[in-house]
Structure formats: structure tokens, C-alpha cells
Amino acid sequence: MREIEAVFREERGRLLAALVRRFGDLDLAEEVTSDAVEAALRHWPAEGVPPNPGAWLMTTARRKAVDRLRREQALATRLAVLAAEAERAAPEAPPGEDGGLPDERLRLFFTCAHPALPAEDRGALTLRCLAGLTTPEVARAYLVPAQTMAKRIVRAKKKIREARVPFRVPEAHELPERVPGVLQVIYSIFTEGYAASSGPFLQRLDLAEEAIRLARILRRLLPAEREVAGLLALLLLVHARRDARAGPEGEPVLLGEQDRGLWDRAMIEEGSALVVTALSGGPPGPYAVQAAIAALHDEARTWPRPTGRRSWPCTTCCSRSTPLRWWR
């Protein structure tokens, strides 16, 4: 069963994104994704996980989508619309290292972060669709009642459908207004991974690691965006302390009490290098500033840190003065 759960965790977002791109309907994609997972739960325990579980789920979901469209007597109309839109669309370059899209899920992130949606709906919809959080988990992340969050998600899906929000990566001139929304979504997934809203501390670190993976994809896609580098740096520098953040019973361990020998130094070095990039070339963004603070703490081998000539009072996680070496 654990093997099956791992497959679902890995494949759900990819499957949903591919179905949205194919059928242009987020509600339909979610429904047939759930149907495919339900079918897998019936067959796989007895027959075993297939050699290519993603392809099995995709085939099953596509068949169920076509069946639903036939039952609704809308297949011909929907296919005609899809064919017309495909003819109008510009041909896409294959994914690659030089700016191609390495993961279709990122398309869905940009769709869910579209400016046509209210700001409070963008992150909620993405957490529900891409990260696979339940509606109550998303509600806890935003500190609102579950019923309120359910209405937000339904409203956002309706808006995408009625406004015919495109499932694509924005053009270069659209990026300045679109990227901050995607960054917030990724950061929300990361913080949910540490919030442990559904269990003991650090139970949902898979979400934190998924957020880091998505941030890496965004960084490859938008290498010139300094705030993307700042977000990735922040996630790495915080996640580097994961093994020291909890005690034997899963209780949180404060920064000053953590065993720094358990920190991931390779991750800290990578994050620190990204901080330099994020702080160079102009005023830093909020993620770059937070990453710089995290880097200062991660540099220390002991606690408390010595106070340097250029220092500030750190109000984020301690009351000590911290040398401000990153602002040269």
C-alpha cells in the first residue's frame, strides 16, 4: 500500500496537469483523476503496480473523461472547440534546458495564478489541485473555515472555465505581474509542509520537498528573475535544518537548541550562493531578504553568534544582534 500511495503522490499533479491541457476543463480533470485513482485502488492491490503506473492512470483517466463527455452529449462540440483552439495556437518548442518547460505542472501553476482570479483564490486552488491538499488542509493554511475555502475553490474553477484562462506559460511581458503569484503559491506549499496541519511535526515534509523541486523548475525556466533565486534560496536554507528541527518524540526544537551537526551543509552552500544572486543588481525582494536572514543563521557553527560592527536586531527567530555581511 505504501508503494501505491507513493505512486499517487508522484503522479497526481502530473496527471491532472496533462488532463487540463488535453480537455481544457479543470473540474473534469479533477473528477477523472479521482476516478482513475479509485480504479487503481481496486486493481493494483490484487494485480500489482503496473510497470508504468503513470501511463496506466493516464489511459484510465482519458477513457473516463471521454465516457463522461459522451454521457453529457457534448463530445462533438468539445472536440470541435479543442481542434479549433489547437489550430490557432502557436507551435510549441519541445522541452529542454534552454528555456523549454521541464514539467507540465508548472503550466497549471501559472493557470491557477492567473490575474483574472482573486489573489486569495490563486494559492488555494493551486494547493488543492497541484499539491493534493484536502480542502480542510488548504483552509488551515489560510486560517479560514473549511466551508469558506470550499466556496473559494469552486469560484476559482468557475472563473477559469468561464474566462477561458489559457493553460500556458505567460509571454515575457506578462511575467512581472504573474511570477509573484506563482512564488507565493510555491512558498505556501513549503510552509504547509512545516505546519503539520494533519499530524505530528515534520509529517508533511514531502510537501516542502515538492515546493523545492518546483522552485528549481521555476529557477531553470526564469534564470534572470532574482526573486525566483531568492525564493529557492530561502526554501533551501530553511529546509537544510530539517533533521535538527524535531526531537525524538517529534517535538519542535528551537533554533538555538538545534544540533548544527545535523544541518545539511551542501544545501546551505547552495542556498547561500543563490542569496548573493538574489541580492545583486538592485533593491532586494521580500524572499531575498528572508533568505539573507536565514543564511546568516545557517552560517553559524555555534550559538549565540558574535556581534559584528555592522549588525541589526534579528526579530525573526532570536533577539541577538546578527552581523549583516550580505549587504555589502
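Honestly, the overall build of the protein in this entry has me stumped. Any pointers?
Helix and strand counts for the protein stand at 13 helices and two strands. Taking all 328 residues of the protein together, 47% fall into the buried category. If you take every contact in the protein between residues at least 6 apart in sequence, the share linking residues at least 24 apart comes to 64%. Of the accessible surface of the protein, which amounts to about 16,900 Å², a share of 52% is contributed by carbon and sulfur atoms.

Explain the nonpolar core to me, please; I cannot follow it from the model alone.
Side chains of a nonpolar character, in soluble globular proteins, are inclined to be buried together. Ranked by size, the top nonpolar core spans 88 residues in total, and within it Phe109, Leu125, Ile186 and Leu218 carry the most contacts. Broken down by element, this core gets its largest block of residues, 10 residues, from helix 11 (residues 226-239). In this view, Leu125 contacts Leu26, Cys112, Leu117, Ile153, Ala156, Lys157 and Ile160; residues no more than four positions away in its chain are not counted.

Would you explain helix 3 (residues 53-71) in this entry?
Each α-helix turn comprises 3.6 residues. Residues three or four places apart therefore point the same way. An ideal rise of 1.5 Å per residue puts 27 Å on 19 residues; helix 3 measures up with 27 Å between its terminal C-alpha atoms. Inspection of helix 3 places Pro53, Gly54, Leu57, Met58, Thr60, Ala61, Ala65 and Leu69 among the buried residues, and these make up the whole buried set.

Sorry if this is basic, but what is going on with the packing of helix 7 (residues 135-142) against helix 8 (residues 146-163) here?
Describing two packed helices takes the angle between their axes plus the distance from one axis to the other. Contact pair helix 7 / helix 8: the axes reach a minimum separation of 8 Å and the direction vectors enclose 105°. Compared by their axis directions, helix 7 and helix 8 come out roughly perpendicular. Where helix 7 abuts helix 8, its residues Thr135, Pro136, Val138, Ala139 and Tyr142 lie against Ala146, Met149, Ala150, Arg152 and Ile153. Taken together, the residues that form the contact of helix 7 with helix 8 break down as eight nonpolar, one polar and one charged.

It is not clear to me how the packing of aromatic side chains should be interpreted in this structure. Could you clarify?
Aromatic ring pairs are defined here through the distance separating the ring centres and the angle between the ring planes. Evaluation of the coordinates by the stated rule reveals two aromatic pairs. Seen from their ring centres, Trp44 and Trp56 are 5.3 Å apart, and the 65° between their planes marks the pair as edge-to-face. Taken as a pair, Trp44 in helix 2 (residues 26-47) and Trp56 in helix 3 lie far apart in primary sequence, 12 residues in all. By relative accessible area, Trp44 is classed as buried at 2%. Ring geometry for Tyr187 and Tyr287: centres 5.5 Å apart, planes at 70°, overall edge-to-face. Placement of Tyr187 in helix 9 (residues 175-195) and of Tyr287 in helix 13 (residues 286-299) is noted, with a sequence separation of 100 residues between them. With a relative accessible area of 22%, Tyr187 lands in the partly exposed category. Of note, Arg241 hangs over the ring of Trp263, and the distance from its end group to the ring centre comes to 5.8 Å.

Is there a simple way to think about the environment of Ser188 in this case?
Summarising the element assignment, Ser188 is placed in helix 9. Given the relative accessible area of 9%, Ser188 is considered buried. Taking the C-alpha atoms as reference points, Ser188 and Leu127, separated by 61 residues in sequence, lie 7.9 Å from one another. Residues contacting Ser188, with those up to four places away along its chain left out, are Leu127 and Tyr142.

What counts, and where the lines are drawn
Residues numbered from 1 in each chain as written. Predicted model: local features only at pLDDT ≥ 70, side-chain atom pairs only at ≥ 80, totals over all residues. Heavy atoms only, no water. Helix = DSSP H or I, 4+ residues; strand = E, 2+ residues; numbered from the N terminus. Buried < 20%, exposed > 50% of the residue type's maximum accessible area, 1.4 Å probe, protein only. Contact = heavy atoms within 4.5 Å. Areas by Shrake-Rupley, 256 points an atom, 1.4 Å probe, with all protein chains shown as cover. Core = buried A, V, L, I, M, F, W, Y, C linked by side-chain atoms within 4.5 Å. Expected span 1.5 Å × (residues − 1). Axes fitted to C-alpha atoms, helices over the stretch in contact; angles between N-to-C directions. Parallel < 35°, antiparallel > 145°, perpendicular 65-115°, else oblique. Nonpolar A, V, L, I, M, F, W, Y, C, P; charged D, E, K, R; others polar. Phe/Tyr/Trp six-rings, centres within 6.5 Å; stacked < 30°, edge-to-face > 60°. Lys NZ or Arg CZ within 6 Å of the ring centre and 35° of its normal.

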